[in-house]
Structures are given as structure tokens and as C-alpha cells.
Amino acid sequence: MVNRRHIRSKVLQAIYAMTQNQSDQLDVYEKYLFNSLENIRELYLLMLSSLVELQKVEAEFLEVSAKKHLATPEERNPNKKFINNSVFQILCNSETLNNWLEELHINQFNVNDHYIKTLLHEIKSSDLYKEYMRNGVNNFEEDKEFAIKLFTDFIAPNEKIYEFLEDYKISWIDDIPVVNTAILKQLEGLKDASSYFKLNKVFKDDEDKDFAKQLFRKTALNADVFVKEYEDKTRNWELDRIAEVDTIILNLGVCELQKFPSIPVKVTINEYLELAKEYSTPKSSIFINGILDALVKEYRLENKLNKIGRGLIE
């Protein structure tokens, strides 16, 4: 689920927290790093549960309405196309998903059901819903398209849900786009109404998990050494006046250039320029690009770029 850029951002945050607390407890902050990454699973399951809860709340509403003493003919025989949506049914019937929701006690949208009820009201007032419900016949492709638009247009950008997630776990702020993108890809990948919904893992593979650990440890343990690599290249910048985040980003970049032979130089530079744009000052990316570019030129001249594979030193 998480890509290398997101792993890099989490390592950056862990080292920043460690630096801010002036701590040398590597194990403590490594645990912090992996807790932050593993918490993405909970967010992922919670966002999936929003679709399940929408179906459940509407199904309960239709059932209660049908049992009213003075129920109308429409209430006694409602259009059940929404609750019978194929994608909803795949999720509701997923034993793996239900087991994970139960095991990790993912019931926030059930306990705080006003978020789902408000969201459902917005959905049912929309042209998307009215057009979808124009007939009561479920068709997988139409169901899938509706579910994707529902998630894209109503759930993912919902400000109340975003605020709830932010208040519930502050570390989720950066994770929400990653999780929403992963869920959309999964919904788009469903083939038919009998599709098996396979839950995403946090890490694509063990290599990515090891990358997180090694990047954190090698950067934290060699910070003083890495600073010396570029301290003479800061020109008019005094080291003690460089933003702390910039220093960490530079250390991460130097670490990858020196300690990760399988990662291309261009990838390293591009990734840390993007992190600088996201986490530091407006001019930081220009500054960091200049330093890393100068280091790469120096390493090439001194034959210090120990990169494996054709094209990796480009």
C-alpha cells in the first residue's frame, strides 16, 4: 500500500521527532516509525468500513420504514438497488475484511454513526444517487462506477470525516491520500460481482519494510558524518541557521547516495526534492537540489558512487 516516498516521509518524521526530543534512543523511535506505518492499516480498514456502514444504515432505514404502521406502498416495497450494490455486497460479505474489522475493533463509524447518516443524506440528495436509482436493477458495471464515484466525490473529500480522522489520530493526516488512492485502485480492479476482495498489505514486500528500517537506522547513526559531507557546500548558509528539516532531508539524501547502491541517483534527488516541497520552506527544494547535485558531481569525480546496475548513477 505505501510506496517508497511515503516510507521516506515517515522516516523523516521519526528522525525529526528524535531530534526534537534530543534523544539517542534508536529503538524507541524505530518503534515509533513502524507504529506510524502499521497504523495505516487501521485507517485503510476504517475507510473501507465507511462503504459497509453506508449500506448497513440504509438497509436498517428501509427495514424500519417498511414496518411503520402507516407505511406507504413505496416504503413497503422500496427500491433496494443501493443496498444491493454489487461492490457493497462484496465488501459486506468479505470474511477477511470483517475479521480484520473485528480483530482491530474498527467500529468508529458505527459508534459515531452521525457521520455516516449525514453522509448518506448528502448522497441521497445528489444527482448521482437519483440517476443511479432511476431503475431498481443492479448491473455490476453500473454498481462499480457508482461506488467509485461515491467514494471519490463524497467520502474521500468529506471535510467532517477528514476532521474526525485528524482528531482521532494525528499521524493519519499524511496517510489519508495514500489510503484513498489504494482503495480506489482496488475498487477499479474488481472484475465482477463474485470478485474476491483481497486486503492490501501495508508494505508491498519485505524489501520495502527493510528499506524503512535501514534508511532510519543508517541516517540516524551517521548523521554527524553525513553533515560533514556537505558543510563546505552551504556557501552563504551557516549550518546552524539551516532549517532542521532541511538538514534531515539532506542526511537522508546522502545516506541513499552512499548506502543504497540499488537506488538510482535521479530517484534519490527527485524524492527528497518533493519531500522538501512538502515539509520545508519554499526555497528549501532549490537549496537541497544544489547541495545534492554538488555532492553527486564530487562523488563521480572521486568514484564514490557505488551504484549497482546500468543507469543507476545517472
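Quick caveat: nothing in here was measured; it's all calculated off a predicted structure.

## Here's the deal with the overall build of the chain
Counting its secondary structure elements, the chain contains 16 helices and zero strands. Relative to a compact globule of 314 residues, whose C-alpha radius of gyration would be 20 Å, the chain shows 25 Å and is clearly more extended. When each of the 314 residues of the chain is scored for burial, the buried share is 47%. Sequence separation of 24 or more characterises 79% of the internal contacts of the chain that already satisfy a separation of 6 or more. A total accessible area of about 17,000 Å² is found for the chain, and carbon and sulfur atoms account for 48% of it. Of the charged side chains in the chain, 42 are positive and 52 negative; the average position of the first set lies 3 Å away from that of the second.

## Notes on the layout of surface pockets
Here the largest pocket is characterised by a volume of approximately 360 Å³. I15, T19, A223, D224 and N251 are the residues nearest the centre of the largest pocket, which is lined by 14 residues in total. For the lining of the largest pocket, the secondary-structure elements that each account for two or more residues are α1 (4-20), α12 (206-221), α13 (223-230) and α14 (244-259). When residues in the lining of the largest pocket are grouped by element, the largest group, four residues, is from α14. Split into classes, the residues belonging to the lining of the largest pocket amount to seven nonpolar, five polar and two charged. Residue contributions to the lining of the largest pocket reach at least three from each of two domains, namely domain 1 (4-189) and domain 2 (206-302).

## Quick notes on the packing of helix α9 (residues 140-155) against helix α11 (residues 176-189)
It is the contact of α9 with α11, at a shortest axis distance of 10 Å, that shows an interaxial angle of 170°. Between α9 and α11, the angle is such that the two are roughly antiparallel. The residues of α11 that touch α9, namely those facing K144, A147, I148, F151 and T152, are N180, I183, L184, L187, E188 and G189.

## Some words on unusual backbone geometry
For Q22, which is not a glycine, the phi torsion comes out positive at approximately 50°. Its place among the elements puts Q22 in the loop between α1 and α2 (26-66). Owing to a relative accessible area of 75%, Q22 belongs among the exposed residues under this scheme. A positive phi angle, close to 55°, is found at H105, a residue other than glycine. By the secondary structure assignment, H105 is in the loop between α5 (95-103) and α6 (108-111).

## What about the confidence of the model for the chain?
Taken over all residues, the pLDDT of the chain has a mean of 93, while the share at 70 or more is 96%. Counting contacts from residues 310-314, a segment whose pLDDT is below 50, to residues more than four positions away or on other chains yields 13 contacts.

## A few points about the domain arrangement of the chain
What the domain assignment reports for the chain is domain 1 (4-189) and domain 2 (206-302). Domain 1 puts 22 residues into the contact, and the matching count from domain 2 is 26 residues. Across the domain 1 to domain 2 interface the summed buried area is about 2,300 Å²; carbon plus sulfur atoms make up 68%. If you sort the residues of domain 1 by the area they bury against domain 2, R4, R8 and L12 come out on top, with a joint share of 32%. At the surface where domain 1 touches domain 2, the tally comes to seven salt bridges. The closest approach of N and O atoms between R4 and E207, which form a salt bridge, is 3.7 Å. On the surface where domain 1 and domain 2 come into contact, there are nine residue pairs in polar contact (both at pLDDT 80 or more).

## Observations regarding α1
Residues lying three or four places apart along an α-helix face the same way, a consequence of the helix completing one turn every 3.6 residues. An ideal rise of 1.5 Å per residue puts 24 Å on 17 residues; α1 measures up with 24 Å between its terminal C-alpha atoms. When you tally the buried positions in α1, you get twelve out of 17 residues, the bulk of the element. Burial in α1 covers these residues: H6, I7, R8, S9, K10, V11, L12, Q13, A14, I15, A17 and M18. Taken together, the buried residues of α1 touch α2, α11, α12, α14 and α15 (265-279). At the C-terminal side of α1, Q22 shows a positive phi close to 50°.

Calculation rules
- Residues numbered from 1 in each chain as written.
- Predicted model: local features only at pLDDT ≥ 70, side-chain atom pairs only at ≥ 80, totals over all residues.
- Heavy atoms only, no water.
- Helix = DSSP H or I, 4+ residues; strand = E, 2+ residues; numbered from the N terminus.
- Rg over C-alpha atoms; globule rule 2.2 N^0.38 Å.
- Buried < 20%, exposed > 50% of the residue type's maximum accessible area, 1.4 Å probe, protein only.
- Contact = heavy atoms within 4.5 Å.
- Areas by Shrake-Rupley, 256 points an atom, 1.4 Å probe, with all protein chains shown as cover.
- Lys, Arg positive; Asp, Glu negative; His and termini not counted.
- Charge placed at Lys NZ, Arg CZ, Asp CG, Glu CD.
- 1 Å grid on protein atoms, 1.4 Å probe; cavity = no way out; pocket = protein on both sides within 12 Å on 5 of 7 lines; lining within 4 Å.
- Points joined across faces, edges and corners; volume = space filled by probe spheres on them.
- Nonpolar A, V, L, I, M, F, W, Y, C, P; charged D, E, K, R; others polar.
- Domains from an automatic or database assignment.
- Axes fitted to C-alpha atoms, helices over the stretch in contact; angles between N-to-C directions.
- Parallel < 35°, antiparallel > 145°, perpendicular 65-115°, else oblique.
- pLDDT = per-residue confidence, 0-100.
- Buried area = accessible area lost by both parts, 1.4 Å probe.
- Salt bridge = Lys/Arg side-chain N within 4 Å of Asp/Glu carboxyl O.
- Polar contact = N/O pair within 3.5 Å; in protein donor to acceptor, adjacent residues only side chain to side chain.
- Expected span 1.5 Å × (residues − 1).

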